[in-house]
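# Working through the structure, step by step
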Amino acid sequence: MNIVPVNGIDLAYAQHGTGVPVVLIHGFPLDHSIWRQTIEVLKDSYRLIVVDLRGFGGSSAPDSAYSLEDMAADIAGLLDHLELEKATLVGHSMGGYIALAFARLYPQRVSGLALVASQPLADTPEQKQGRYDTAGKVVEGGVGIVRDAMLPKLSADAKIQEAISKIITRQTSAGVAGALKAMAERADSSSILSEAQFPILIVHGDADLLIPIERAEQMKALNSAAELVVLNGIGHMPMMEAPGDVAKEIAKFALPE
Ligand code: MLT
């Protein structure tokens, strides 16, 4: 991974291939490595940019609280560094929340927005409180509590669970707690979808136990021009559970006009 200083932190990123720029944004509490198979398939035709969000993988995070908008601003800083005015953004789950925040802040920099196992809604008061409670436990006792609670809901496939377990285990308590608090404070982004001036792709597994398929259908209802791809029998990690299908959909979506 390369490191670029942006917004007071060190942001880790890597690039693969040449062509139309596509930024792949991982979900919680993961890192860029979830996109390994997507990169394998697409790197011959696209310029793929993978990033470790602040607090994850090789990226640092400030001691003070931060928001999903700050995480979106890090991606804008990375695009500036790469001298890219626009890119297609592909966000997985929390990465989708950040892509939506990016679209709110910098709509003119979005060539297209793909949401993989994601949604635009804010937390309910109960969910928000739950995030803060979990963040406290993570700071005290480490990331294991989040890993053990999330793993069965991320994928039904034991091999994929094992791979994800390794990814979560190498994250830091500070980064995981920081992202939990950032997600707790996120705004509703439904209007970003209904008012979007850029193409939207929604990819969702109908066996997703973390963000139910109904959320994807609601997103499609917000924007009739959006394309919805439902993956049968797939859970919350489509890029690992159905890597060929996900890469194919991203490839079609990010094609230059
Ligand atoms: C994710 O997969 O990124 C998170 O589970 C999303 C969330 O907790 O809302």
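It should be noted that the structure appears before, not after, this text.
Residues numbered from 1 in each chain as written. Predicted model: local features only at pLDDT ≥ 70, side-chain atom pairs only at ≥ 80, totals over all residues. Heavy atoms only, no water.

Right, let's get into the sheet that holds strand β4 (residues 46-52). Strand order across the open sheet formed by 8 strands is β1-β2-β4-β3-β5-β6-β7-β8, with mixed pairing between neighbours. The outermost strands of the open sheet, each flanked by one partner alone, are β1 (2-6) and β8 (227-231). The sheet shows a mean angle of 25° between the axes of neighbouring strands, direction not considered. In the sheet, strand β3 (residues 20-25) pairs with β4 via 6 bridges, with the strands oriented parallel. Counterpart to V20 in the pairing with β4 is Y46. (Pairing = 2+ DSSP bridges. Helix = DSSP H or I, 4+ residues; strand = E, 2+ residues; numbered from the N terminus. Axes fitted to C-alpha atoms, helices over the stretch in contact; angles between N-to-C directions.)

Attention shifts here to unusual backbone geometry. The omega angle of the peptide bond from F28 to P29 is -10°, so this bond is cis rather than trans. Looking at where P29 falls in the secondary structure, it is placed in the loop between β3 and α1 (36-42). Positioned with a positive phi, N7 is a non-glycine residue whose angle comes to about 50°. Structurally, the position occupied by N7 is in the loop between β1 and β2 (9-16).

Attention now moves to the site of the ligand. The environment of the ligand is formed by G27, F28, S93, M94, Y97, R131, M150, M183, L210 and H236. Between F28 and the ligand, the recorded distance is 2.8 Å, taken from a backbone N or O atom to an oxygen atom. Protein coverage of the free-state accessible area of the ligand, which is 270 Å², stands at 90%. Here the residues of the shell around the ligand sort into 6 nonpolar, 3 polar and 1 charged. (Near = heavy atom within 4 Å. Polar contact = N/O pair within 3.5 Å; in protein donor to acceptor, adjacent residues only side chain to side chain. Areas by Shrake-Rupley, 256 points an atom, 1.4 Å probe, with all protein chains shown as cover. Nonpolar A, V, L, I, M, F, W, Y, C, P; charged D, E, K, R; others polar.)

Residue placement: H92 occurs in strand β5 (residues 87-92). Each residue touching H92, except ones within four places of it in the same chain, is listed here: I25, H26, G27, L30, I34, W35, V116, A117, H236, M237 and M239. (Contact = heavy atoms within 4.5 Å.)

Moving on, we come to helix α5 (residues 144-154). For α5, the complete set of buried residues consists of G144, V146, R147, M150, L151 and L154. Taken around the axis of α5, the buried residues stretch over an arc of 135°, which confines them to a single face. Along its buried surface, α5 packs onto α4 (125-141), α6 (158-169), α7 (173-184) and α10 (238-241). (Buried < 20%, exposed > 50% of the residue type's maximum accessible area, 1.4 Å probe, protein only. Arc of directions from axis to C-beta.)

Once that is clear, we can look at the pairing of β3. Where burial is concerned, most of β3 is hidden: 5 out of the 6 residues are buried. Note on the crossover from β3 through α1 to β4: the handedness is right-handed. Across 4 bridges, β3 lies against β5 in parallel orientation. Each residue of the ladder has a partner; that of I25, found in β5, is G91. (Right-handed = clockwise from strand over helix to strand, strands pointing away.)

Let us look at α7. In a regular helix each residue adds 1.5 Å, so 12 residues correspond to 16 Å; α7 covers 16 Å between its end C-alpha atoms and thus fits that length. Of all 12 residues that make up α7, 9 are buried, and the element is covered over most of its length. Within the span of α7, buried status applies to G175, V176, A177, G178, A179, L180, A182, M183 and A184. At its buried positions, α7 is contacted by α2 (68-81), α3 (94-105), α4 and α5. (Expected span 1.5 Å × (residues − 1).)

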